[in-house]
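Here is what each chain is made of, one letter per residue.
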Amino acid sequence: MRLTPLAAAAATLALATACAPADESPSSDSSASVSLDQCKPADLDLYKAGTLTIATDSPAYEPWFTDDDPTNGKGYEGAVARAVAEKLGFAPDKVTWVTQGFNEAIKPGAKSFDFDINQFSITSEREKVVDFSSPYYKAKQGVITLADSKYADVTSLAGLKDAKVGAQVGTTSLEATQQLGLTTDPLVYDDTTKAAQALQNGQVDAIIADVPSAFYLVAAELDGAKLVGQFEPRTGESEEFGLLLDKDSKLTPCVSAAVDALKDDGTLEKLQQQWLSDAVDVPELSQS
């Protein structure tokens, strides 16, 4: 999984922007801010003309999506994607969804979508090869064990130091395991479902995932599991999710402008309350 604080980035740009009409000279600075008025559908440099192409992984897990169907606008990321599209002037019937694996999306190279929404944590290392929009979500990391585990009642991260811990490869959840002071290296899995299977099979004592994903795993993927607690990552990058775009994409300023507008008008907060409200009730784990 991949994780989040909401923060906006921007430098001033004149009318000649990355989302300017073709007869203007667009800026090469994909991080510069623009107004949504400068981001009309006809003026955008799209992967396919006439449609906004959005990618995510398959399966599309709750609470980020609902019924494994990104097109229905439900679940937190499904709703955010639809709201961003609408801010950019695309009705649902003008949006095309495609499947893209998490690990493939963060690799360098041309993308077959306009943006990808898949719990991508914004990191400086990834920003060397891809663009990110302004953040749309901040999440903490959750610790999952089986309810009968000796680690099921820990109240601190130090209490996990002797545990076998698993996490998904290439994620800030894996990076956050550094904060646990583990006596053995964490086990690394291709995706969070495989990490959950390892927990269920007794191959690990605990797994780390962003809190909303942890809720889903405990409710739908695991038998007899418990979300022990959550913690704020203090190692590596801060935990912010951004929409992922091709490196130096001309769309980045406009996608960021849409996310910023959703933050400013309260939409992001409302969607978080609607789809992710359980996250606020998880106990905080102390460092020691």
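Check the entry above for the structure.
Residues numbered from 1 in each chain as written. Predicted model: local features only at pLDDT ≥ 70, side-chain atom pairs only at ≥ 80, totals over all residues. Heavy atoms only, no water.

## Overview of helix H7 (residues 267-276)
In step 1: Taken together, the buried positions of H7 are Leu268, Leu271, Gln272 and Leu276. Along the axis of H7, the buried residues cluster in a sector spanning 105°; they form a single face. Set apart from the buried face of H7 by more than 90 degrees, the exposed residues are Glu269, Lys270, Gln273 and Gln274.
In step 2: Taken together, the buried residues of H7 touch helix H1 (76-87), strand S5 (137-138), helix H5 (211-221) and helix H6 (252-264). (Buried < 20%, exposed > 50% of the residue type's maximum accessible area, 1.4 Å probe, protein only. Helix = DSSP H or I, 4+ residues; strand = E, 2+ residues; numbered from the N terminus. Arc of directions from axis to C-beta. Contact = heavy atoms within 4.5 Å.)

## What to know about the pairing of strand S1 (residues 52-56)
In step 1: Judged by how many residues are buried, S1 sits mostly within the fold: five of five residues are covered.
In step 2: Burial of the side chains of S1 extends over both faces: Leu52, Ile54 and Thr56 are buried on one face and Thr53 and Ala55 on the other.
In step 3: Across five bridges, S1 lies against strand S2 (residues 95-99) in parallel orientation. In the sheet register, Thr53 faces S2, and the bridge partner there is Thr96.
In step 4: After leaving S1, the chain enters H1 and then returns to the sheet as S2, a path that is right-handed.
In step 5: Here S1 runs beside strand S3 (residues 115-116); their pairing, made up of two bridges, is parallel. (Pairing = 2+ DSSP bridges. Right-handed = clockwise from strand over helix to strand, strands pointing away.)

## Observations concerning the sheet that holds strand S8 (residues 187-189)
In step 1: If you walk across this open sheet you meet the five strands as S8-S7-S9-S6-S10, and the pairing is mixed. Edge positions in the open sheet fall to S8 and strand S10 (225-231), since each of these has one partner strand only. For this sheet, the mean angle separating the axes of adjacent strands, direction not counted, is 30°.
In step 2: Relative to S8, strand S7 (residues 165-168) runs parallel, the two being bridged by three bridges. Its bridge partner being in S8, Gln168 is matched across the sheet by Tyr189.
In step 3: In this fold helix H4 (residues 192-200) packs onto strand S6 (141-146), S7, S8 and strand S9 (206-210), with an angle of close to 155° to the strand it touches most, S9.
In step 4: Packing against the sheet, H5 makes contact with S6, S9 and S10, and its axis sits at approximately 130° to S9. (Axes fitted to C-alpha atoms, helices over the stretch in contact; angles between N-to-C directions.)

## Looking at the state of the cysteines
In step 1: Scanning the entire structure with this criterion turns up one disulfide.
In step 2: Between the sulfur atoms of Cys39 and its disulfide partner Cys254 the distance amounts to 2.1 Å. Of note, the bridge from Cys39 to Cys254 carries an S-S torsion of about -85° and is left-handed in sense. Here the residue Cys39 occupies a position in the segment before S1, and Cys254 occupies one in helix H6, the gap between them amounting to 215 residues. For the residue pair Cys39 and Cys254, the accessibility class agrees, reading buried in each case. (Disulfide = S-S within 2.5 Å.)

## Focus: the side chain of Glu77
In step 1: Mapped onto the elements of the fold, Glu77 is located in helix H1.
In step 2: Apart from residues lying up to four places away in sequence, Glu77 is in contact with Trp64, Phe65, Ile117, Asn118, Gln119, Tyr136 and Phe241.

## Section: the nonpolar core
In step 1: Ranked by size, the top nonpolar core spans 37 residues in total, and within it Tyr76, Val84 and Tyr136 carry the most contacts.
In step 2: Every element with two or more residues in this core is listed here: S1, H1, H6 and H7.
In step 3: With seven residues, H1 is the single largest residue contributor to this core.
In step 4: Grouped together as the second largest cluster of nonpolar side chains are 17 residues, Tyr189, Ile207, Leu217 and Val282 included. (Core = buried A, V, L, I, M, F, W, Y, C linked by side-chain atoms within 4.5 Å.)

## Description of the pairing of S10
In step 1: Along S10, six of the seven residues are buried, which leaves the element largely enclosed by surrounding structure.
In step 2: Bridge count for S6 against S10 is six bridges, and the pairing is antiparallel. Bridge pairing in S10 places Ile144 opposite Leu227.

## Topic: H1
In step 1: Under the 1.5 Å per step criterion, the end-to-end length of H1 is 16 Å for twelve residues, consistent within 8% with the ideal 16 Å.
In step 2: H1 sits mainly inside the fold: nine of its twelve residues count as buried.
In step 3: Listing the buried residues of H1 in full gives Tyr76, Glu77, Gly78, Ala79, Val80, Ala81, Ala83, Val84 and Ala85.
In step 4: Where H1 terminates, the next one or two residues include Gly89, which has phi positive at roughly 95°. (Expected span 1.5 Å × (residues − 1).)

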